[in-house]
Every structure is written in C-alpha cells, then in structure tokens.
Amino acid sequence: MLRFVQQRERFFAALVRPLVWLFIFAAGFRAVLGLSITPPYVTYVHYEVYVVPGLCGMIQLFNGMQSSLSMVYDRETGAMRTLLVSPYPRGFLLSAKLLASVMVSLLQVYAFLLIARIWGVDPPWAGYLAAAPALVLSGIVLGAIGLFISSAVKQLENFAGVMNFVIFPMFFASSALYPLWRVREGSVLLWQIGQLNPFTHCVELIRFALYLQINWLALAVVVATGALFLGAALWAYNPSRGLMSKRR
C-alpha cells in the first residue's frame, strides 16, 4: 500500500483503460448494444450500465497480472528469495502478497465506480457495500491465476508475451462487454468458452452484487477457482515440489 501511495501515476494509469471503454466505446456502442431485460436488471439498460461491472473486473485482472509481474521482478533481483527463506510460512507470504494486491485493486475499482456514477451509472447505494465481498473474491481469483503463472515465467522479458495469451482471451471471451446469450447467437463455441471462463463468473458475481443480488453459480465457480489456483500457486512456489524446483 505504501508503494502504491508513492506511485500516484500507477493509480491514474489503472483508471485510464476502463474510462476509455466507458467514455468512448460505450458511448459509440450505446445505440447498437442497448440491452433488453437481462438479469440482474429489471428494465432496459444502456450499454454503459451493462459494461461497468466488466470494467471493474478489467481493473482487477490487470492489477492481478501487474502484481504477478512484480513477483517475477522480485525473483530476478533476489528480493523474493530473501522473503522465501525467512521464518514466515511460504503460504502466509504468498497469501499476504495476494491480499495486498486485492486491497490496492479495491481502491482503484471504487474510484472508477465513483466516476461512473457521475457519468450516470447509478446502482443502489447499498450495492457499493454489497459488492465489496464480490470484489475481494474476484480479486483473489484473478490474482491467484497471475501468481500461478508468475511461477512458470523464467524471465521478466517473457512475462508480457505470456500475459497477452491470458489477459485478452479472458477479457474478450467473457460477459464483460456483452451478454453471453448474444455471443451464442453468433458462435456456440465462443459461448461455451465464455461459460467456462472464470473471468465471466467474476464479472457476473460483481454485477449481481452491485444490484443487491447473489448469482449462486458465479459464487460457487469463483470460490472453487480461487481455491484451485491459490493451491496451485502455493505448490508451484514450493522449492522441493513445485515449478520452482525445476529451475535448479
């Protein structure tokens, strides 16, 4: 958190990407992609209303991957090796790193939601509080995925290329930008991929929570995926059993 406060440009840079989608793309697609009644909405909504939860997920996705990038950097500089040989349990260190990333992403998401409300996207006020647990869970899932990937990346230069094969497919093959029932009309295969995409369920969990509802399927998938990838990351960073041992 101290590092984040000292790097104010990181805070504003994290908001640029979703704000471009909200101010420019959503305005352009508004007439084309206005949505009829789609849960959790009880009436017709404009495209910018629909896309806001997906952009919250985008912030968390990129923040999780950026945190994983710092893990690769710390490993190259030797800082992570110093941490891993400390008396603290390795699981505690990695979980603390993950939760710190989630807390930073929460600040960014709520700043974005405030700007979105000024722009006219106004979910119930109680929805901002109800969305907090969903944002924490989704942040843990996306951060754990990045943490697991970082264990397999050997050099910092390779991380950006790997992320291109993770971030963009996860974001675009999801319900972040368009409902999956519309995707199914154009491609059944892409619809099936979107159904299996954990990012889809992160977005839907946030979307329903903002409107004071619970998507139980999304909640189950998010919890299971988070446990799976967090366990995989802890295994991968174990020097005696995981991927880290294969670099020796």
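Everything numeric here is computed off the predicted structure, so don't read it as measured data.

Enquirer: What's the story with the overall build of the protein chain in this structure? I'm lost.
Expert: The secondary structure content of the protein chain amounts to twelve helices and zero strands. From first element to last, N terminus to C terminus, the protein chain shows the α and β order α-α-α-α-α-α-α-α-α-α-α-α. Buried residues in the protein chain amount to 49% of all 248 residues. Long-range contacts, defined as pairs at least 24 residues apart, comprise 75% of the intrachain contacts of the protein chain with a sequence gap of at least 6. Surface exposure of the protein chain reaches about 12400 Å², of which carbon and sulfur atoms provide 70%.

Enquirer: Got a minute to help me understand the nonpolar core in this structure?
Expert: Ranked by size, the top nonpolar core spans 52 residues in total, and within it Val52, Leu61, Phe112, Phe171 and Phe199 carry the most contacts. Top element by residues in this core is helix H3 (residues 47-77). It accounts for twelve residues. Not counting the four nearest positions on each side in its chain, Phe199 is found in contact with Gly54, Gly57, Met58, Leu61, Leu142, Met170, Phe171, Ser174 and Ala176. Counting residues in hydrophobic clusters, the runner-up holds five residues, among them Met71, Leu94, Leu147 and Tyr237.

Enquirer: In this structure, what is going on with empty space enclosed by the protein? I would like to understand it.
Expert: Any empty space left between atoms is shown by rolling a water-sized probe over those atoms. Counted by the stated rule, this structure contains one cavity of 30 Å³ or more. The space that makes up the largest cavity amounts to roughly 40 Å³. Lining the largest cavity are Gly64, Ser67, Ser68, Met71, Lys97, Leu98, Ser101, Gly143 and Leu147. Elements supplying a minimum of two residues to the lining of the largest cavity: H3, helix H5 (90-119) and helix H6 (125-152). Looking at which element gives the most residues to the lining of the largest cavity, the answer is H3, with four residues. Of the residues in the lining of the largest cavity, the class split is three nonpolar, five polar and one charged.

Enquirer: Looking at this model, I keep getting lost on a nonpolar patch on the surface. Mind explaining?
Expert: On the surface, Val16, Val20, Phe23, Ile24, Phe25, Phe29 and Trp119 cluster together to form a nonpolar patch covering roughly 610 Å² of accessible area. With respect to the secondary-structure elements, Val20 resides in helix H2 (residues 8-29).

Enquirer: Sorry, what's going on with the packing of aromatic side chains here?
Expert: Any two aromatic rings considered together are summarised by their centre-to-centre distance and by the angle between their planes. All chains considered together, the criterion is met by eleven aromatic pairs. Measuring from centroid to centroid gives 5.7 Å for Trp125 and Tyr128, while their planes differ by 50°, and the two rings are tilted. Residue Trp125 and its partner Tyr128 are both found in helix H6; the two are separated by three residues, about one turn of the helix. For Trp125, a relative accessible area of 63% translates into the label exposed. Considering the side-chain rings of Phe171 and Phe199, the 6.1 Å spacing of their centres and the 55° angle between planes classify their relative orientation as tilted. With Phe171 in helix H8 (residues 167-172) and Phe199 in helix H11 (residues 198-210), the pair connects residues that are 28 residues apart, well separated along the chain.

Criteria and cut-off values
Throughout, a residue's number is its position along its own chain's written sequence, starting from 1. With pLDDT at 70 or above as the cut-off, local features in this predicted model cover only qualifying residues; side-chain atom pairs require 80 or more to be listed or tallied, and sums for whole chains, interfaces and linings still use all residues. Values reported for side chains reflect all heavy atoms of the structure, with hydrogen atoms and water molecules removed beforehand. By definition, any uninterrupted DSSP run of H or I lasting at least four residues is a helix, any uninterrupted run of E lasting at least two residues is a strand, and each is numbered from the N terminus. Think of it in three bands: with a 1.4 Å probe and only protein chains considered, a residue is buried below 20% of the maximum accessible area for its type, exposed above 50%, and partly exposed in between. Here, two residues are considered to be in contact whenever any of their heavy atoms come within 4.5 Å of each other. A 1.4 Å probe and the Shrake-Rupley method give the accessible areas. Residues count as covered only by the protein chains that appear here. By nonpolar core we mean a set of buried residues, namely Ala, Val, Leu, Ile, Met, Phe, Trp, Tyr and Cys, connected to one another through side-chain atoms within 4.5 Å. Think of a 1 Å grid over just the protein atoms. A cavity is a set of points where a 1.4 Å probe fits yet cannot get out, a pocket is an open set with protein on both sides within 12 Å along at least five of seven lines, and lining residues have an atom within 4 Å of a point. Grid points are joined across faces, edges and corners, and a volume is the space filled by probe spheres set on the points. Side-chain classes are defined by residue name, with Ala, Val, Leu, Ile, Met, Phe, Trp, Tyr, Cys and Pro counting as nonpolar, Asp, Glu, Lys and Arg as charged, and the others, Gly among them, as polar. Within the patch definition used here, like charges are joined within 9 Å and nonpolar side chains (Val, Leu, Ile, Met, Phe, Trp, Tyr) within 5 Å, considering only residues with over 30% relative accessible area and no salt bridge. By convention in these notes, a salt bridge is any Lys or Arg side-chain nitrogen within 4 Å of a carboxyl oxygen on Asp or Glu. For Phe, Tyr and Trp, rings pair up if their centres lie within 6.5 Å, where Trp contributes its six-membered ring, and each pair is then called stacked (planes under 30 degrees apart), edge-to-face (over 60) or tilted (otherwise).

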